[in-house]
Amino acid sequence: MRSPIPMNALIIFSKAPLPGIAKTRLSPPLNTQETNELARCFILDTIAKYKKIKYATCYLAYTPKKGRKFFTTYLPYSHLLLQTKRKLGTKILDATKTIFAKGYRNIVCIATDSPDLPVCFVKKAFQILNSKKNTMVIGPCLDKGFYLIGMNSTQDISFLKDFDWGRQHIAKDLIHAGEKCCNKIAILPVWFDVDDFNAVVKLAKRLSDDHSLHAPLTRHILTNTLYDKITTHQQNLTPVALH
């Protein structure tokens, strides 16, 4: 009896929590050990949220090659992909091509930069892809980047190869570029990612204010190990910057 054709795959893109590899823009004020530990918490909280979801199979695209041992502790080797050493757009193209070749019809890609991302956003992306063909889903970030991109197997996303990822308004320009080759672009609610220490402070405030956001390891390190540095940095931010 033939196995059923798989429908949905989630690809988590991540850098291994190794010195000089992950979250380097957080140092200073964090030291190398703190940076690596925070990156580890981001990764583990993200994997824990998605590796057992019922509506999609979870894969992880990692870098660098020497980081494989860390990730095999938390996901089967068969669910790990080594990222290609290319621009972000080509990394996404290479990873999705590999997974689509397994027979999946819809793929959603996220990273570990948004450990408090609500699972319902990812589920909504798959619902959209399952109901509409030739569709791309984009999750824009408040900082004008993006936290999620999803597509059907029938969708031509080759434009990602030459997309300029250094633009100031990445999400807006990504949506505009996608509209030229997709029948439909679906846009999810705005969320946040962590690219610098200001974003770490804002993440700490969100996790403190809203306990429905599930990121237990991240919440613990922010309220314990990194509490003093966050508090000191927070005092230098205006009230507006914390929203």
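As a reminder, the structure under discussion sits directly above these lines.
Because the structure is a prediction, the values reported are computed rather than measured.

Enquirer: Talk me through the overall build of the protein; I want residue IDs and the actual numbers.
Expert: A count of helices and strands for the protein gives eight helices and seven strands. In summary, the protein has a C-alpha radius of gyration of 18 Å against a globular reference of 18 Å for 243 residues, a match within 12%. Taking the principal axes of its C-alpha atoms as reference, the protein extends roughly 55 × 35 × 35 Å. In the protein, which comprises 243 residues, the share counted as buried stands at 50%. Sequence separation of 24 or more characterises 67% of the internal contacts of the protein that already satisfy a separation of 6 or more. Accessible area of the protein: about 12800 Å², with a carbon and sulfur share of 53%. Between the centroid of the 35 positive side chains of the protein and the centroid of its 18 negative side chains there is a distance of 9 Å.

Enquirer: Residue-level account of the side chain of Asn8, with values.
Expert: As for its position among the elements, Asn8 is in strand β1 (residues 8-15). Given a relative accessible area of 8%, Asn8 falls into the buried group. Of note is the side chain of Asn8, whose polar atom sits 3.5 Å from the side chain of Asn130. Apart from the residues within four sequence positions on either side, Asn8 is in contact with Tyr55, Ala56, Thr57, Tyr104, Asn106, Phe126 and Asn130.

Enquirer: So what's going on with the packing of helix α6 (residues 197-209) against helix α7 (residues 216-223)? Residues and values would help.
Expert: In contact at an axis separation of 10 Å, α6 and α7 are set at 110° when each is read in the N-to-C sense. What the angle tells us is that α6 and α7 run roughly perpendicular. You can see that α6 and α7 cross each other, and the crossing is left-handed. The segment α6 lies against α7, with Val200, Leu203, Ala204 and Leu207 engaging Thr218, Arg219 and Leu222. Broken down by class, the residue content of the contact of α6 with α7 amounts to five nonpolar, one polar and one charged.

The rules we used
Residues numbered from 1 in each chain as written. Predicted model: local features only at pLDDT ≥ 70, side-chain atom pairs only at ≥ 80, totals over all residues. Heavy atoms only, no water. Helix = DSSP H or I, 4+ residues; strand = E, 2+ residues; numbered from the N terminus. Rg over C-alpha atoms; globule rule 2.2 N^0.38 Å. Buried < 20%, exposed > 50% of the residue type's maximum accessible area, 1.4 Å probe, protein only. Contact = heavy atoms within 4.5 Å. Areas by Shrake-Rupley, 256 points an atom, 1.4 Å probe, with all protein chains shown as cover. Lys, Arg positive; Asp, Glu negative; His and termini not counted. Charge placed at Lys NZ, Arg CZ, Asp CG, Glu CD. Polar contact = N/O pair within 3.5 Å; in protein donor to acceptor, adjacent residues only side chain to side chain. Axes fitted to C-alpha atoms, helices over the stretch in contact; angles between N-to-C directions. Parallel < 35°, antiparallel > 145°, perpendicular 65-115°, else oblique. Left-handed = near helix turned anticlockwise from the far one by under 90°. Nonpolar A, V, L, I, M, F, W, Y, C, P; charged D, E, K, R; others polar.

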